[in-house]
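Overview (structure and organization)
Chain by chain, the residues run as shown.
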Amino acid sequence: MTGSGEVGLRRTLAVADLLIDAEDERTLLPALLPLLLSVLPGDSLVWSVRPDGAGGPLTVPDGLLSRDALAAFARHKAADPLVAHTTSGPGTPLLRSDLQSRAEYHALAAYAEVYRPLGAEHQLAMSFPAGWSGDEPRSVCLAVNRRRGDFGDDDRAVAELLRPRLARAMRRLAPPARERVTRREAAVLDLLARGLTDRQIARRLEISPRTVEKHLEHAYPKLGVHGRVDAATTWLSSGGARRRPSGSLPGPPDPL
């Protein structure tokens, strides 16, 4: 990494400190977004949460996108390869110039109605998972815009450092685990966290062991885990199950 990249790396430490100390999303974002724009220098920044947040995208400077601009973006986003990368693609940090020549970019309908008025001649965008909203997985798209001078490898490297840290923070600040699973999944997780096997859980809930497996399979992605041990640990740490004295028998599950 070059000298300028080392400066960016040092700046990411301030972002990391802010993310570690954050207690809720509402108070984090007003401090985080301007800081991101200093770490990834640009003229403007757009932070979009999917499913769409009630107030629409957050921007720096504030109020960057008019209602007409948002409507035009909705009409034309399907033809934009950078949007496709952040919505249905891997979402890794990518430059507009990685995908399109200047002529191809200027030929987009979205350029004339959205990007040119913003002064977004150059763009760096990425997306990352952000926990759950109800039963739906959330994600965030972060786009930084510049009028002059394209982003470079140093900017991409800083974005790659930030991406997993932002994802972990947003997952931590998402609604609590109990709010993301169904009542039946919560009942299964309660008993799993108390050390019961699938057969024991099935007997308690009067369902089949295969149904227990299915409930766990559905719950794992909602908790951001990949197996039984992680699910039990995450469920306990979230307050989803009540800890019991060692050696005691688990009581009946909560009413469904």
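Above: the structure in question.
Residues numbered from 1 in each chain as written. Predicted model: local features only at pLDDT ≥ 70, side-chain atom pairs only at ≥ 80, totals over all residues. Heavy atoms only, no water.

Quick look at the nonpolar core
- Ranked by size, the top nonpolar core spans 32 residues in total, and within it Leu32, Leu36, Leu45, Trp47, Leu162 and Leu166 carry the most contacts.
- For this core, the secondary-structure elements that each account for two or more residues are helix H1 (3-21), helix H2 (25-39), strand S1 (44-50), strand S4 (122-133), strand S5 (136-146) and helix H8 (153-173).
- Sort the elements by how many residues they give to this core and H8 lands first, with eight residues. (Core = buried A, V, L, I, M, F, W, Y, C linked by side-chain atoms within 4.5 Å. Buried < 20%, exposed > 50% of the residue type's maximum accessible area, 1.4 Å probe, protein only. Helix = DSSP H or I, 4+ residues; strand = E, 2+ residues; numbered from the N terminus.)

Observations concerning the packing of H2 against H8
- The geometry of H2 relative to H8 is characterised by a closest axis approach of 13 Å and an angle of 180 degrees between their N-to-C directions. Between H2 and H8, the interaxial angle falls into the category roughly antiparallel. Judged by residue contacts, Glu25, Leu28, Leu32, Leu36 and Val39 of H2 engage Val158, Leu162, Leu166, Met170 and Leu173 from H8.
- Taken together, the residues of the contact of H2 with H8 sort by class into nine nonpolar, no polar and one charged. (Axes fitted to C-alpha atoms, helices over the stretch in contact; angles between N-to-C directions. Parallel < 35°, antiparallel > 145°, perpendicular 65-115°, else oblique. Contact = heavy atoms within 4.5 Å. Nonpolar A, V, L, I, M, F, W, Y, C, P; charged D, E, K, R; others polar.)

Some words on unusual backbone geometry
- Put simply, arginine 50 and proline 51 share a cis peptide bond, and its omega is -5 degrees.
- Examined against the element boundaries, proline 51 turns out to sit in the loop between S1 and strand S2 (58-60).
- The omega angle of the peptide bond from valine 60 to proline 61 is 0 degrees, so this bond is cis rather than trans.
- By secondary structure assignment, the location of proline 61 is in the loop between S2 and helix H3 (67-76).
- The backbone of glutamate 206 shows a phi angle near 60 degrees, a positive value even though the residue is not glycine.
- Looking at where glutamate 206 falls in the secondary structure, it is placed in the loop between helix H10 (198-205) and helix H11 (209-223).
- Residue class for glutamate 206 comes out exposed when judged on its relative accessible area of 73%.

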